[in-house]
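Chain and residue survey
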Amino acid sequence: MAAGGITLDNGSLMSTVLEGILYGFSVLMFMGTVWSLTYKQRIQDINRPIIVVAILLLILSTAHIIVNIIRVEDGFVKYRDTYPGGPAAFFADVSQETYLIKHALYVLQTLLADGVVIYRCYVVWQSVWIVVLPSMLWCSVAVTGVIGLYCASQSTIYSGDIYAQVLANWVTAFFALTIATNLSSSGLLVYRIWSIERNASAARATKGTMMPLMRVLMDTAVLYSVVLFTALICFICSNNGEVVVLDMVMPIVSIAFYMVLIRIAITRKNRSHLSINVPRRTTSEAGQESSRQHPVKPLRVHISQSNDGTSGYDKGNEDQLSPYKADSVAKAPCNV
């Protein structure tokens with residue numbers, strides 16, 4: 001099938017440059033993630049699985065851009081004059097080793113990132129049934145990715161076109177299932193956080209700390225889905241812009257993942273900061289504050305004296321109510 005848009009050699013060069021720029025941002029985000037997860041933290045308090053996932057994403061992104069650079073060097077320098085058809089034919093051949101390796105890295109990163117999101121869904125919902133559908137979609141992504149790589153490896157120099165009918169069907173299914181997996185798992189995660197925050201907001205006076213995290217999750221899910229949807233549209237239309245967009249997905253996935261991790265770390269530190277700075281008042285301090293807010297006014301008591309020189313109480317009860325004589329009690333008003 002004839003491809004449209006830019007030529008594959010120009011697209012490959014452009015994708016490598018743009019991927020390099022985004023890769024630089026992803027490295028900075030990785031350093032920020034490691035700092036936010038380890039700063040002023042004891043070793044036993046560090047979330048080691050998350051650190052491992054962040055390192056794996058960095059390794060996959062680094063390996064992908066290295067393979068892309070080698071592929072560009074092979075097409076434009078090493079095999080420029082020896083490959084039949086020149087650089088354009090070289091980059092169109094999907095059976096090339098560098099093509100298979102870089103797309104295998106992309107499949108691995110997709111499975112890793114989507115698997116982490118599905119695991120977060122399980123942790124938040126605490127129910128296996130909630131993640132059944134995203135898990136099935138995740139398995140479908142793995143199957144279509146592996147079969148697509150196998151079909152590409154079996155292509156020859158004459159039929160090795162990414163838009164060939166058999167390979168195109170598997171690639172289209174892979175993109176569609178990846179979008180469905182990301183939207184379903186991210187949607188479930190965002191909805192659970194929103195429902196918990198809504199129910200908890202009625203029982204507290206302070207502002208919720210989970211809403212910024214929910215917004216970051218929504219932003220990253222939308223960003224990732226838009227990029228994948230753009231690549232899918234380009235691929236369906238047989239546009240070589242798909243090459244540029246697809247190579248940009250690798251660092252974008254890492255950046256989105258690091259954004260969520262940094263937001264989680266900030267949220268946890270804000271919670272611990274609030275819990276540490278809440279003043280603890282003693283009972284006497286609370287009583288003093290209450291007395292300041294509701295001052296006690298002096299009570300003026302008037303005790304009148306009867307004609308016979310005794311107080312207004314009965315004579316028989318006089319000695320029980322007051323230790324003083326009636327004359328001294330009736331002298332003047334007193335303040336309590």
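Scroll up a little and you will see the structure.
Residues numbered from 1 in each chain as written. Predicted model: local features only at pLDDT ≥ 70, side-chain atom pairs only at ≥ 80, totals over all residues. Heavy atoms only, no water.

1. Considering the packing of helix 6 (residues 165–201) against helix 7 (residues 211–236)
Where helix 6 contacts helix 7, the two axes come as close as 10 Å, and the packing angle between them is 165°. With respect to helix 7, the axis of helix 6 lies roughly antiparallel. When the axes of helix 6 and helix 7 are compared, the crossing they make is left-handed. Of the residues in the contact of helix 6 with helix 7, the class split is 21 nonpolar, 5 polar and 1 charged. (Axes fitted to C-alpha atoms, helices over the stretch in contact; angles between N-to-C directions. Helix = DSSP H or I, 4+ residues; strand = E, 2+ residues; numbered from the N terminus. Parallel < 35°, antiparallel > 145°, perpendicular 65-115°, else oblique. Left-handed = near helix turned anticlockwise from the far one by under 90°. Nonpolar A, V, L, I, M, F, W, Y, C, P; charged D, E, K, R; others polar.)

2. Some remarks on the packing of aromatic side chains
Counting across every chain of the model gives 11 aromatic pairs. Between Tyr106 and Phe174, the aromatic rings sit 5.8 Å apart at their centres with planes inclined by 65°, giving edge-to-face as the arrangement. Of this pair, Tyr106 sits in helix 4 (residues 97–125) while Phe174 sits in helix 6, and the two are 68 residues apart along the sequence. Phe174 carries the same exposure label as Tyr106, and that label is buried. Look at Trp125 and Tyr191: their rings are 6.2 Å apart centre to centre, the planes differ by 20°, and that puts the pair in the stacked class. With a gap of 66 residues between them, Trp125 in helix 4 and Tyr191 in helix 6 connect regions that are remote in the sequence. With a relative accessible area of 18%, Trp125 lands in the buried category. Members of the aromatic cluster, connected to one another through ring pairs, are Phe76, Tyr79, Tyr83, Phe90 and Phe91. (Phe/Tyr/Trp six-rings, centres within 6.5 Å; stacked < 30°, edge-to-face > 60°. Buried < 20%, exposed > 50% of the residue type's maximum accessible area, 1.4 Å probe, protein only.)

3. A word on the environment of Leu13
Topologically, Leu13 is positioned in helix 1 (residues 8–38). Considering only alpha carbons, one finds Leu13 and Val243, 230 residues apart in sequence, at a separation of 9.9 Å. Setting aside its immediate chain neighbours within four residues, Leu13 contacts Val72 and Phe76. (Contact = heavy atoms within 4.5 Å.)

4. Some points on the layout of surface pockets
Taken as a whole, the largest pocket holds about 510 Å³ of empty space. If you list the elements that add at least two residues to the lining of the largest pocket, you get helix 2 (48–78), helix 4, helix 6, helix 7 and helix 8 (241–277). The element best represented in the lining of the largest pocket is helix 8, accounting for 6 residues. When the residues that make up the lining of the largest pocket are grouped by side-chain class, the tally is 16 nonpolar, 2 polar and 3 charged. (1 Å grid on protein atoms, 1.4 Å probe; cavity = no way out; pocket = protein on both sides within 12 Å on 5 of 7 lines; lining within 4 Å. Points joined across faces, edges and corners; volume = space filled by probe spheres on them.)

5. Some words on the nonpolar core
Core analysis: the largest hydrophobic core is formed by 31 residues, its most contacted members being Tyr106, Ile162, Leu167, Phe175, Phe235 and Val249. Of all elements in the fold, only helix 4, helix 5 (132–153), helix 6, helix 7 and helix 8 reach the threshold of two or more residues within this core. Among residues more than four places away in sequence, those in contact with Val249 are Tyr106, Gln109, Tyr224, Val227 and Leu228. Judged by nonpolar contacts, the second largest core, of 15 residues, contains Val53, Phe257, Tyr258 and Ala265. (Core = buried A, V, L, I, M, F, W, Y, C linked by side-chain atoms within 4.5 Å.)

6. Some words on the side chain of Thr178
Structurally, the position occupied by Thr178 is in helix 6. In this structure the side chain of Thr178 is engaged in a polar contact, spanning 2.7 Å, whose partner is the backbone oxygen of Phe174. Discounting residues that sit within four places of it in the chain, Thr178 has contacts with Thr110, Asp114, Val141, Tyr224 and Leu228. (Polar contact = N/O pair within 3.5 Å; in protein donor to acceptor, adjacent residues only side chain to side chain.)

7. A look at unusual backbone geometry
Located in the positive-phi region is Gln126, a residue other than glycine, with phi close to 55°. Looking at the element boundaries, Gln126 is found in the loop between helix 4 and helix 5. Judged by relative accessible area, which is 59%, Gln126 ranks as exposed. If you check the backbone angles, Ser238 has positive phi at about 55° while not being a glycine.

8. Observations concerning the environment of Asn47
Among the structural elements, Asn47 can be located in the loop between helix 1 and helix 2. For the pair Asn47 and Leu37, spaced 10 residues apart in the sequence, the C-alpha separation amounts to 7.4 Å.

9. Side note on the packing of helix 4 against helix 6
Two numbers describe how helix 4 lies on helix 6: the axes approach to 9 Å, and their chain directions differ by 25°. Judged by the inter-axis angle, helix 4 sits roughly parallel to helix 6. Crossing angle aside, the handedness with which helix 4 passes helix 6 is left-handed. Every residue of helix 6 that contacts helix 4 at Tyr106, Val107, Thr110, Asp114, Val117, Ile118, Arg120, Cys121, Val124 and Trp125 is listed here: Phe174, Phe175, Thr178, Thr181, Asn182, Ser185, Ser186, Leu188, Leu189, Tyr191, Arg192 and Ile196. Within the contact of helix 4 with helix 6, the residues separate by chemical class into 13 nonpolar, 6 polar and 3 charged.

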